[in-house]
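A closer look at the structure
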Amino acid sequence: MVQITINRPHKRNAFTPRTVTEMSKCFTDAREDPDIGVVILTGAGTMAFCSGGDQSVRQIGGYAGADGVPRLNVLDLQQQIRHLPKPVIAMVAGYAVGGGHILHMMCDMTISADNGVFGQTGPRVGSFDAGYGVAQMIRLVGQKRAREIWFMCRLYSAEEAFRMGLVNKVVPLEKLEEETLVWCREILRNSPTAIRVLKAALNATEDGQSGLWELGHNATLLFYQSEEGNEGRQAFMEKRPPNFSQFKRWP
Ligand code: 2NE
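This is a predicted model, so every value here is computed, not measured. (Residues numbered from 1 in each chain as written. Predicted model: local features only at pLDDT ≥ 70, side-chain atom pairs only at ≥ 80, totals over all residues. Heavy atoms only, no water.)

1. A few points about the overall build of the protein chain
Keep this limit in mind: Where helices and strands are cited, they refer to DSSP runs of H or I of at least four residues and of E of at least two residues respectively, numbered from the N terminus. Categorising residues by exposure relies on relative accessible area from a 1.4 Å probe, with only protein chains included: less than 20% of the type maximum marks a residue as buried, more than 50% marks it as exposed, and the intermediate range marks it as partly exposed. Here, residues are in contact when the closest pair of their heavy atoms is within 4.5 Å. To measure how exposed things are, a 1.4 Å probe is used in the Shrake-Rupley method; for residues, cover is taken only from the protein chains shown.
Counting its regular elements, the protein chain contains 10 helices and 12 strands. Principal axes of the C-alpha set define a box for the protein chain whose edges measure 65 × 40 × 35 Å. Counting every position in the protein chain, which comprises 251 residues, the buried fraction comes to 43%. Within the protein chain, counting contacts between residues at least 6 apart in sequence, those at least 24 apart form 67% of the total. Counting every atom, the protein chain has about 13900 Å² of accessible surface; 56% of that belongs to carbon and sulfur.

2. Some thoughts on the side chain of Asn 73
Filter applied, for reference: Distance and chemistry together define a polar contact, namely a pair of N or O atoms within 3.5 Å, with one atom able to donate a hydrogen and the other to accept it when in protein, and with adjacent residues in sequence counting only for side-chain atoms on both sides.
For Asn 73, the position within the fold is in the loop between strand 6 (70–71) and helix 2 (74–83). Polar side-chain contacts of Asn 73 include one of 3.1 Å to the backbone oxygen of Pro 17. Once residues within four sequence positions are removed from consideration, Asn 73 is found in contact with Pro 17, Val 20 and Thr 21.

3. Observations concerning the packing of helix 4 (residues 132–141) against helix 5 (residues 143–152)
Geometry of a packed helix pair, given as the angle between the helix axes and the separation of the axes. Where we set the bar: Axis definition: a line fitted to C-alpha atoms, limited for helices to the stretch in contact. Angles are taken between N-to-C directions and run from 0 to 180 degrees. Each angle receives one of four descriptions, namely roughly parallel if under 35 degrees, roughly antiparallel if over 145, roughly perpendicular if within 65 to 115, and oblique otherwise. The handedness criterion is simple: a crossing whose near helix is rotated anticlockwise from the far helix by less than a right angle is left-handed, and one whose near helix is rotated clockwise is right-handed.
Interaxial distance between helix 4 and helix 5 falls to 7 Å at its minimum, and their mutual angle equals 130°. Classified by the interaxial angle, the pair formed by helix 4 and helix 5 is oblique. For the pair helix 4 and helix 5, the sense of crossing is right-handed. For the pair formed by helix 4 and helix 5, the contact residues are Gly 133, Val 134, Met 137, Ile 138 and Val 141 on the first element and Gln 143, Arg 145, Ala 146, Ile 149 and Trp 150 on the second.

4. Remarks on the sheet that holds strand 11 (residues 156–157)
Note the cut-off: When DSSP locates at least two bridges between a pair of strands, those strands are taken to pair.
Spatial ordering of the open sheet is given by 3-8-10-11, a layout of four strands whose pairing is mixed. Because the sheet does not close on itself, it has two edges, and the strands there are strand 3 (48–50) and strand 11. Direction of pairing for strand 10 (residues 117–119) relative to strand 11: antiparallel, over a ladder of two bridges. Among the inter-strand pairings, Phe 118 is bridged to a residue of strand 11, identified as Tyr 156. Here helix 3 (residues 99–106) sits on the sheet in contact with strand 3, strand 8 (95–97) and strand 10, set at roughly 95° to strand 8.

5. A look at the sheet that holds strand 6
The three strands lie next to each other as 4-5-6, forming an open sheet whose pairing is antiparallel. Taken across any chain shown, the strands that pair with only one partner, and hence form the sheet edges, are strand 4 (58–59) and strand 6. Pairing of strand 5 (residues 62–64) with strand 6, which is carried by two bridges, proceeds in the antiparallel orientation. Residue pairing across strands places Tyr 63 opposite Arg 71, the latter belonging to strand 6.

6. Considerations on the packing of aromatic side chains
Convention followed: Between rings of Phe, Tyr and Trp, where Trp is taken as its six-membered ring, a pair exists when centres lie within 6.5 Å; planes separated by under 30 degrees are stacked, by over 60 edge-to-face, and by other angles tilted.
Following the criterion strictly, the structure yields one aromatic pair and no others. Between Phe 244 and Phe 247, the ring centres sit 6.5 Å apart and the planes meet at 50°, which makes this aromatic pair tilted. On the basis of relative accessibility, which here comes to 40%, the residue Phe 244 falls in the partly exposed class. The exposure class assigned to Phe 247 is buried, which follows from its relative accessible area of 18%.

7. Observations concerning the environment of Ala 161
With respect to the helices and strands, the residue Ala 161 is situated in helix 6 (residues 158–164). Along the chain, Ala 161 and Ile 138 lie 23 residues apart, while their C-alpha atoms are 14 Å from each other. The contact partners of Ala 161, leaving out residues within four places of it in the chain, are Phe 118, Leu 166 and Val 167.

Taken by themselves, the reported measurements are silent on function.
What follows is the structure, encoded as structure tokens:
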């Protein structure tokens, strides 16, 4: 397993375009590394998981980094987490608000400390996420609650978030890391391929064509590992007709 930590505690771990780019690179590394089976996403310190986009670098059109180009690259990061073929667990202490709340919702599971605070703040600062920020929330808490959370910008305790289905487990702050590691190790005991295909399948029920794309990727990956799949390639390379008659048609 690996832990990716948003390290801007002086800003309650608000993200800039650079933060997001660095996080994306970490997720790519975690995907490529065959020894990593689970990713933990968290924030530095105990005050915040993430407080969303850094409002001090927000400009017309998005959040700007050193190149001065306004970006909304956190939206791409959300998709990367969604389609990462390994479980991502949000380990939340303190505030998970605004775009930070959406990041935790994109994770496969969320373990929260008892000091966790959850909610959307966008409409207060002239912002919203009408993509996964709405779609994923509706799936988790239902239409009425989603409207309450977005329209009123209230903040909710970890216990309230648990009752709403936003959080898998609430533990005392001092037990947060220990409990998260227990969950990771339980996942890691199971078949990596089963976990991978299940994540794709759980996504596919909600993701339309991009869900089919993810499931299809897994089907091809498995087929390429089979003798039947390899027979086609082998025959082509040996300039002979493929002999698919040797393979069963399963009921
Ligand atoms: C997170 C919260 C509730 C924490 O409150 P508190 O009282 O514990 O801390 P405080 O004093 O507000 O914050 C500590 C320092 O962090 C900075 C503050 O400005 C403060 O700086 P100093 O005064 O010490 O210099 N800080 C905190 N959050 C920040 C942020 N997001 N950007 C820049 N600086 C931040 C409270 O701080 C809060 O409500 N923060 C704002 C939450 C927010 O509105 N986030 C943006 C939502 S929009 C979004 O994320 C988004 C989107 O909707 C769509 C696309 C992309 C992004």
